[in-house]
Amino acid sequence: MPEKRKSRPGAEWLHHTLPAMAADPTTVPELAGELSRLVGRLIPHDGYMLAGLDPSCFYHRRNGYRPDTSRHLDRSHAIMPTEGTDSEIRIALTLGGVPWGGLTLLRELGNRPFSETDATHAERLADSLAAALKRFVAARPLRPSRHSLPPGLVVIGADDKIQAITPSARAWLGQFMPGALLASDEELIHRLWDITCSARRSNHPVLRCVPTPDGWIAVHAQFLNNNDNNGEGEGEGDPGTERRVVAITFQSAPATLLLSTVSAWYGLTPREQVVVGHLLQGLPIKGIARVLDRSPHTVIEHLRSIYRKTGTAGREELVASLIH
């Protein structure tokens, strides 16, 4: 008898499978590759671009747009033919009203364009993909950082080229960007483009926290105080700020910066976040209870919930994981 063809998995199967598998990959490229493989069983594609957004930030692509053209995705229909791409689907990864990232699927020229059915499938998978992105981070117990690098610095010029980069900055980038030590300046700028543009648009320092197997990295971007800048604008969104020099620094994320990010990804409640803040200040349980006007028993219950969500064994490990 002829062998029966295997049917494609439905969106319902992927709805349960995607979040469950996200705890297994240890790096962003591994996560992106597995998500692409599974989604491809329902929506075949030739390339993808996966991004995690603030309060965390990471990115990976395969057969995606080249770095110099991917900065202009607002003109994607003009860009696609030059990139050998015939069609794309962009999926906003939103969960509980919070945007966690985005996934773009691509098909090459000569292949069948994405259909309305493909777009419907993608829309139905958005919540599950967002849950997978969040689980990728939150499934890992919070642990003290193992980073030992000195701070790193990259300077992005008004011409959108790297003016300076320290060896430690390349090493930091290598923690979440495979091949960064050998990557071209163009590829590095591509990975830093979002935070560079954010700093230019806001006219204020911008922070991103990036998860890695060895701990969280804090990435800061702000205008460089350079009298040679051509930009004269000072207000937020002023066109004069769009071409200014931006300095980007890398370091192990300190507790003061990491707490809000950890709270978002690990699902801590506002009250639990306040309790952790008091722990970092060294307050005992009775002291926290007094400040919050709650019983010590209530504080202990909050702590149990915090330890469970973050995968920490107790107060010492939790505090050590945040202050390194």
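Here the structure is shown first, and the text comes after it.
Counting restarts for each chain: residues are numbered from 1 in the order of the written sequence. Local features in this predicted model are restricted to residues of pLDDT 70 or higher, and side-chain atom pairs are both shown and tallied only at a pLDDT of 80 or more, whereas totals for entire chains, interfaces and linings draw on every residue. Note that the side-chain values use all heavy atoms of the structure and ignore hydrogens as well as water.

Peer 1: Hey, could you run me through the pairing of strand β1 (residues 47–52) in this one?
Peer 2: Regular strands place side chains that alternate from one sheet face to the opposite one. Per-residue accessibility, obtained with a 1.4 Å probe over protein chains only, is compared with the maximum for each type, and a residue is labelled buried under 20%, exposed over 50%, and partly exposed between these values. Secondary structure counts use DSSP, requiring at least four H or I residues in a row for a helix and at least two E residues in a row for a strand, with both numbered from the N terminus. Along β1, five of the six residues are buried, which leaves the element largely enclosed by surrounding structure. Each pair of strands is called paired provided DSSP finds at least two bridges between the two strands. Note that β1 and strand β4 (residues 98–108) share six bridges and pair antiparallel. Across the sheet, alanine 51 pairs through a bridge with glycine 102, a residue of β4. Bridge count for β1 against strand β2 (residues 58–62) is five bridges, and the pairing is antiparallel. The residue bridging alanine 51 from the neighbouring strand is tyrosine 59, located in β2.

Peer 1: Could you clarify how one ought to interpret the packing of helix α1 (residues 11–21) against helix α5 (residues 116–138) in this entry?
Peer 2: Two quantities define a packed helix pair, namely the angle between the helix axes and the distance between the axes. In the contact formed by α1 and α5, the axes pass within 7 Å of each other and the chain directions differ by 10°. Classified by the angle between their axes, α1 and α5 sit roughly parallel to one another. In contact with Ala11, Leu14, His15, Leu18, Pro19 and Ala20 of α1, α5 contributes Leu125, Ser128, Leu129, Ala131, Ala132 and Arg135. Residues of the contact of α1 with α5, tallied by class, amount to nine nonpolar, two polar and one charged. Convention adopted: a line fitted to C-alpha atoms gives each axis, helices being fitted over their contacting stretch, and angles between N-to-C directions are expressed from 0 to 180 degrees. Convention used here: angles under 35 degrees read as roughly parallel, angles over 145 as roughly antiparallel, angles from 65 to 115 as roughly perpendicular, and any remaining angle as oblique. When checking whether two residues touch, look at their non-hydrogen atoms; a contact exists if any pair is within 4.5 Å. Charged means Asp, Glu, Lys or Arg here, nonpolar means Ala, Val, Leu, Ile, Met, Phe, Trp, Tyr, Cys or Pro, and polar covers whatever is left, Gly included.

Peer 1: Sorry if this is basic, but what is going on with the environment of valine 155 here?
Peer 2: Among the secondary structure elements, valine 155 is positioned in strand β5 (residues 152–156). Taking the C-alpha atoms as reference points, valine 155 and valine 246, 91 residues apart in sequence, are found 5.8 Å from one another. Here valine 155 is in contact with Lys161, Ile162, Gln163, Ala164, Leu224, Val245 and Val246, once residues within four sequence places are set aside.

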